Amino acid sequence: MKIKLVNSSVSPAVTTVLVDGQERFVGEGAWGKGVGPANLRMALSPGVVMREYVGADRVQGEHIKCDKGSVSFDIERIFESPAAALEFIRGDFLKEQSEGALMFDDAVVFPHAAVASRISAVVGCAVAVSYTIEG
């Protein structure tokens, strides 16, 4: 599965690919590509308010607020050397966009999403990143 953020509010649209759907690293061209997702979790909260009317035998839900949700997942990137992993953290990782439409392959999950947190760890030639995206 490919996971990406597409920011179409700028011209031209900017796409940040967080996971490119690779399951294994094959050949030199695959180095540094986001493998995963691992530990994919999704929480959705409909904008429902529970009403307790006088004389009613049960509460009644009313959808009056905005729906919201969050997606969390982990990825791993393998580089040719520890120096290349550190270069990714100092460069491309800091330049990743933090808002746009969250997409799984070609399906829009959240049309207006924002990266709430990105936690990275560098271990040798590997960079592990945990994302939390809300929308």
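Residues numbered from 1 in each chain as written. Predicted model: local features only at pLDDT ≥ 70, side-chain atom pairs only at ≥ 80, totals over all residues. Heavy atoms only, no water.

Draft legend 1. Spatial organisation of the overall build of the protein. If you tally the helices and strands in the protein, you get two helices and nine strands. Here the protein has a C-alpha radius of gyration of 19 Å; the compact-globule value for 135 residues is 14 Å, and the former is much larger. Dimensions of the protein, computed from the C-alpha atoms along their principal axes, are close to 70 × 35 × 25 Å. Put simply, 56% of the contacts in the protein that link residues at least 6 apart link residues at least 24 apart. With an accessible surface of roughly 8,400 Å², the protein has 53% of that area assigned to carbon and sulfur atoms. (Helix = DSSP H or I, 4+ residues; strand = E, 2+ residues; numbered from the N terminus. Rg over C-alpha atoms; globule rule 2.2 N^0.38 Å. Contact = heavy atoms within 4.5 Å. Areas by Shrake-Rupley, 256 points an atom, 1.4 Å probe, with all protein chains shown as cover.)

Draft legend 2. Expanded view of the environment of glycine 135. Its location among the elements puts glycine 135 in the segment after strand E9 (126–134). The sequence separation of glycine 135 and glycine 91 amounts to 44 residues, and the corresponding C-alpha distance is 26 Å.

Draft legend 3. Quick look at a nonpolar patch on the surface. Taken together, Val48, Met50 and Val59 make up a surface patch of nonpolar side chains, about 250 Å² in accessible area. With respect to the helices, strands and loops of the structure, valine 59 is situated in the loop between strand E4 (48–51) and strand E5 (60–63). According to the relative accessible area criterion, valine 59 is partly exposed, its value standing at 42%. (Patch = residues over 30% accessible without salt bridge, like charges linked within 9 Å, V, L, I, M, F, W, Y side chains within 5 Å. Salt bridge = Lys/Arg side-chain N within 4 Å of Asp/Glu carboxyl O. Buried < 20%, exposed > 50% of the residue type's maximum accessible area, 1.4 Å probe, protein only.)

Draft legend 4. The arrangement of helix H1 (residues 82–90) in detail. All of the buried residues in H1 are Ala85, Phe88 and Ile89. For H1, the angular spread of buried residues about the axis comes to 100°, placing them on one side. Within H1, the exposed residues directed more than 90 degrees away from the buried face are Ala83 and Arg90. Here the buried face of H1 lies against strand E6 (68–78), helix H2 (92–95), strand E8 (107–123) and E9. (Arc of directions from axis to C-beta.)

Draft legend 5. Quick peek at the sheet that holds strand E2 (residues 14–20). With antiparallel pairing, seven strands are arranged side by side in an open sheet as E2-E1-E7-E8-E9-E6-E3. Unpaired on one side and paired on the other, E2 and strand E3 (35–45) mark the two borders of the sheet. In this sheet, neighbouring strand axes are inclined to one another by 30° on average, regardless of whether the strands run parallel or antiparallel. Where strand E1 (residues 2–7) lies against E2, six bridges are found, and the strand directions are antiparallel. Paired with leucine 5 across the bridge in E2 is threonine 16. Of the strands in this sheet, E6, E8 and E9 are in contact with H1, which crosses E8 at around 135°. (Pairing = 2+ DSSP bridges. Axes fitted to C-alpha atoms, helices over the stretch in contact; angles between N-to-C directions.)

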